[in-house]
Amino acid sequence: MSKSKHVILIHGNFTNNLTWENWKKRYEQRGYTVHTPANPGHEGVPAELRKQVHPQLAGAGLQEMVQNIQDLIATLPEPPVVIGHSMAGLAVMKLVESGKVAAGISIDGAPPKNVQAPFKTIKTVFPSFLLFSSKKHWLGSPKWFNKAFFNTLPPAKQALAYEKFIVPESKKIAWDALTTSFAKVDFKQPHVPMLFIGGGEDQIFPASFTKKIAGKYQQPVDLKIFDNRSHFICGEPGWEAVADYILDWYEKQPEEA
């Protein structure tokens, strides 16, 4: 079977599909058909979504994210390569588990329920759980994002990144990843090629944690850590090296018989 020419780029929490604009163009230049769907409740212009939360955001959880991609996959002529960042890294693990993709790439991916997150992760993302609030969504301050997301960027670029890309996120998806059985991954199951990518300066999911998640799989997976990269690894300067590494890796995988 020949290699897939379809790629789905899945954004993570607090951003939407507009974060993939540069990746889409770059991959199209290499001959791929690239799909960049917005996760449920994330459609729109970030600046407008920060003013008026999308009406579907409150009900948008992990299962809704995965189902949205499964619905897209059902319309494609072949199993796609799926690439997901942050929470979408966990979605990629679930999509690989479904057996309907050609390869899966998790970038700074969130952990399944059956992998304990380190204290650093819990401390950083704790506000998004809205533990003592009836609110259904949360948007961190620019200060929080500068520390958690954009820590490798200079201040001027931090402000620009927040303005251009950041959106509110649902409380539901944070709790889904922590409490639902759907968020578990079967690490024993045979799978298509998988690549885990981590950022050396990621303040949410440290590189050591990415290594831990990858190491849970009983069948081999590949791992690449990019030094001096933040959780904003897909958008910070040097994103091209990450994007190219992924396609180069995929194109080197043996074709199925």
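Scroll up for the structure.
Fair warning: this is a prediction, and the values are worked out from it, not measured in the lab.

Re the layout of surface pockets
Computed from the structure, the largest pocket encloses a volume of approximately 530 Å³. Lining the largest pocket are 28 residues, and of these T121, V125, F129, A174 and F205 lie nearest its centre. Only helix 5 (119-125), strand 6 (169-170) and helix 8 (171-179) provide two or more residues apiece to the lining of the largest pocket. If one sorts the elements of the lining of the largest pocket by residue count, helix 8 sits on top with four residues. Of the residues in the lining of the largest pocket, the class split is 19 nonpolar, seven polar and two charged. What the second largest pocket holds in volume is close to 400 Å³. Along its surface, the second largest pocket is lined by 24 residues, and F165, F232, C234, G235 and E236 are the ones closest to its centre. At the level of elements, helix 1 (21-29) and helix 7 (155-165) are the ones that each hand at least two residues to the lining of the second largest pocket. Ranked by residues supplied to the lining of the second largest pocket, first place goes to helix 7 with five residues. Residues of the lining of the second largest pocket, tallied by class, amount to twelve nonpolar, eight polar and four charged.

Examining the pattern of salt bridges
Applying the stated criterion across every chain, the model contains eight salt bridges. When salt bridges that share partners are traced, they join R26, R30, D244, D248 and E251 into one network.

What to know about the packing of aromatic side chains
Under the definition given, this model contains 20 aromatic pairs. Measuring from ring centre to ring centre gives 4.9 Å for W144 and F145, while their planes differ by 85 degrees; the resulting arrangement is edge-to-face. An identical accessibility class is assigned to W144 and F145; each is buried. Ring plane angle 70 degrees and centroid distance 5.9 Å describe the contact between F149 and F150, whose orientation is recorded as edge-to-face.

A short note on unusual backbone geometry
For residues that are not glycine, phi is negative in most cases, and the peptide bond is trans in most cases. With phi around 60 degrees, S86 is a residue other than glycine that occupies positive phi space. Summarising the element assignment, S86 is placed in the loop between strand 3 (81-85) and helix 4 (87-98). Backbone geometry places D108, a non-glycine residue, at a positive phi of 50 degrees. Relative to the helices and strands, D108 is located in the loop between strand 4 (103-107) and helix 5.

A word on empty space enclosed by the protein
In this structure the tally under the stated criterion is two cavities of 30 Å³ or more. M93, V96, E97, V185, D186, Q189, P190, H191, M194 and Y217 are the residues that line the largest cavity. At three residues, the largest contribution of residues to the lining of the largest cavity is made by helix 4. The residue inventory of the lining of the largest cavity, partitioned by class, reads six nonpolar, two polar and two charged. Lining the second largest cavity, in full, are N39, P40, H42, A60, G61, M65, E169 and I173. Its residues assigned to classes, the lining of the second largest cavity comprises four nonpolar, three polar and one charged.

Structural notes on the sheet that holds strand 4
Ordered by their spatial adjacency, six strands build an open sheet running 2-1-3-4-7-8, and the pairing between neighbours is parallel. Single-partner strands in this sheet number two, and they are strand 2 (33-35) and strand 8 (222-226). This sheet shows a mean twist of 15 degrees between the axes of neighbouring strands, independent of strand direction. In terms of strand pairing, strand 1 (residues 6-10) meets strand 2 through three bridges, oriented parallel. Within strand 2, the residue paired with H6 across the bridge is T33. Along the sheet, helix 4 makes contact with strand 1, strand 3, strand 4 and strand 7 (194-199), crossing strand 3 at roughly 150 degrees.

Each value, and the rule that gives it
Residues numbered from 1 in each chain as written. Predicted model: local features only at pLDDT ≥ 70, side-chain atom pairs only at ≥ 80, totals over all residues. Heavy atoms only, no water. 1 Å grid on protein atoms, 1.4 Å probe; cavity = no way out; pocket = protein on both sides within 12 Å on 5 of 7 lines; lining within 4 Å. Points joined across faces, edges and corners; volume = space filled by probe spheres on them. Helix = DSSP H or I, 4+ residues; strand = E, 2+ residues; numbered from the N terminus. Nonpolar A, V, L, I, M, F, W, Y, C, P; charged D, E, K, R; others polar. Salt bridge = Lys/Arg side-chain N within 4 Å of Asp/Glu carboxyl O. Phe/Tyr/Trp six-rings, centres within 6.5 Å; stacked < 30°, edge-to-face > 60°. Buried < 20%, exposed > 50% of the residue type's maximum accessible area, 1.4 Å probe, protein only. Pairing = 2+ DSSP bridges. Axes fitted to C-alpha atoms, helices over the stretch in contact; angles between N-to-C directions. Contact = heavy atoms within 4.5 Å.

Note that every value here comes from positions in space, so none of it alone points to a role or purpose.
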